[in-house]
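Residue-level structural notes
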Amino acid sequence: MGMSGAIFMKYYVNPTFEIWQNKSNPKYPSPDSVRNEIIQMIKGMATATLLPSLSLYLAQHGLSKAYCGFNQYGIAYDVFQFFLIWIGTDLWEFYYHRMGHTISFFWDRHKPHHTFYNPSPFAVIADEYTDQFVRSAPLLLFPLLLPINMDIMYFEFAVFFYGYGTYLHWGYEFEWLDAHHPIMNTAFQHYIHHAQSIINKPYHTGFFFKIWDQLAGSVFDQECVCAKCCRAKGLRTREAFAKIEKPDYSVLLSPSFWLTERATKSA
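Here's what I pulled together on the structure shown here. (Residues numbered from 1 in each chain as written. Predicted model: local features only at pLDDT ≥ 70, side-chain atom pairs only at ≥ 80, totals over all residues. Heavy atoms only, no water.)

Looking at the overall build of the protein
- Looking only at helices and strands, the protein has 14 helices and two strands in total.
- Taking 2.2 N^0.38 as the reference for a compact globule, 267 residues should give roughly 18 Å; the C-alpha atoms of the protein span a radius of gyration of 20 Å, in line with that estimate.
- For the C-alpha atoms alone, the extent of the protein along its principal axes is close to 60 × 45 × 35 Å.
- Within the protein, the fraction of its 267 residues that count as buried is 51%.
- Taking as baseline every contact in the protein between residues at least 6 positions apart, the subset at least 24 positions apart corresponds to 77%.
- In the form shown here, the protein has an accessible surface area of approximately 13,000 Å², with 66% of it arising from carbon and sulfur atoms.
- The centroid of the 21 positive side-chain charges in the protein is displaced by 5 Å from the centroid of its 22 negative side-chain charges. (Helix = DSSP H or I, 4+ residues; strand = E, 2+ residues; numbered from the N terminus. Rg over C-alpha atoms; globule rule 2.2 N^0.38 Å. Buried < 20%, exposed > 50% of the residue type's maximum accessible area, 1.4 Å probe, protein only. Contact = heavy atoms within 4.5 Å. Areas by Shrake-Rupley, 256 points an atom, 1.4 Å probe, with all protein chains shown as cover. Lys, Arg positive; Asp, Glu negative; His and termini not counted. Charge placed at Lys NZ, Arg CZ, Asp CG, Glu CD.)

Considering a nonpolar patch on the surface
- Taken together, I75, V79, F83 and I87 make up a surface patch of nonpolar side chains, about 360 Å² in accessible area.
- Within the secondary structure, F83 sits in helix 5 (residues 75-102). (Patch = residues over 30% accessible without salt bridge, like charges linked within 9 Å, V, L, I, M, F, W, Y side chains within 5 Å. Salt bridge = Lys/Arg side-chain N within 4 Å of Asp/Glu carboxyl O.)

A look at the layout of surface pockets
- Roughly 720 Å³ of volume is contained in the largest pocket.
- The set of elements that each furnish at least two residues to the lining of the largest pocket consists of helix 3 (31-48), helix 5, helix 7 (129-135) and helix 9 (150-168).
- The dominant element in the lining of the largest pocket, judged by the number of residues it contributes, is helix 9, at six residues.
- Looking at the lining of the largest pocket, its residues break down into 14 nonpolar, nine polar and three charged.
- Space inside the second largest pocket adds up to approximately 340 Å³.
- F8, M9, V13, Y249 and L252 are, among the 18 residues lining the second largest pocket, the residues nearest its centre.
- Considering every element that reaches the lining of the second largest pocket, the biggest residue donor is helix 1 (residues 2-12), with four residues. (1 Å grid on protein atoms, 1.4 Å probe; cavity = no way out; pocket = protein on both sides within 12 Å on 5 of 7 lines; lining within 4 Å. Points joined across faces, edges and corners; volume = space filled by probe spheres on them. Nonpolar A, V, L, I, M, F, W, Y, C, P; charged D, E, K, R; others polar.)

So, unusual backbone geometry
- Residue N200 is not a glycine yet carries a positive backbone phi of 65°.
- Checked against the element boundaries, N200 lands in the loop between helix 10 (187-196) and helix 11 (211-216).
- The backbone of H204 shows a phi angle near 50°, a positive value even though the residue is not glycine.
- Within the secondary structure, H204 sits in the loop between helix 10 and helix 11.

Section: the environment of G163
- In this structure, G163 sits in helix 9.
- Along the primary structure G163 and S4 are separated by 159 residues, whereas in three dimensions their C-alpha atoms are 9.1 Å apart.
- Those residues in contact with G163 that sit more than four places away from it in its chain are M3 and A158.

Thoughts on the side chain of N118
- On the secondary structure map, N118 appears in the loop between helix 6 (104-110) and helix 7.
- Look at N118 and you get buried, because its relative accessible area is 4%.
- Polar contacts involving the side chain of N118 include one to the side chain of K23, which spans 3.3 Å. (Polar contact = N/O pair within 3.5 Å; in protein donor to acceptor, adjacent residues only side chain to side chain.)

Written as structure tokens, this is what we have:
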């Protein structure tokens, strides 16, 4: 929550023209939409902690293969499991996310996340209970299957995965990691996913790596509208920026704003 808040403050509150030029969607979400993201994020956090807590309990009581500390199996094994957790969890995320766009039962549980078609960093885990429960399952399953260093695994999920997830929902694009990167999914791919993916249209359901979507044939195949291409077309001018509405997000600091009825439609 703190990471999302800090990024939101810098890139959404009083944005400059230079910052805006790298925004995937040139418009900014409404305060109602951001409020709904935060509420949904808290709901997601409620279930995202259940299986990790169970995993820690099993480890403490010697009921799994988990361990703490380094060099119990050697540095080579530590490096191996880092990449195993990274790639294995990324594949898990891809397939579960893809089911959320190809199977009606899972789409019904995933589609609340897609009300945020112009996401902010608060949308990173703004999911319904089922989604976050399943996505946290590798934290339980890995230590049940093979020796896993809990320090490494929890570091990866807390910093590596949450950090990259926040970047994917950032709403902005890096120059050095742009939408045309051949290997990594970027914030643009995830913006397109939010804006274009519905049931039976699973654009970019991968997390870190593009290869899963490339193999599944679910890469966005229409005209590129990333910030870099829009700048090249002359669409990100100061005149265009002046016409963009900059919402007053200070209402998010007002308790009365949170007590009003939630918006039925996010912007």
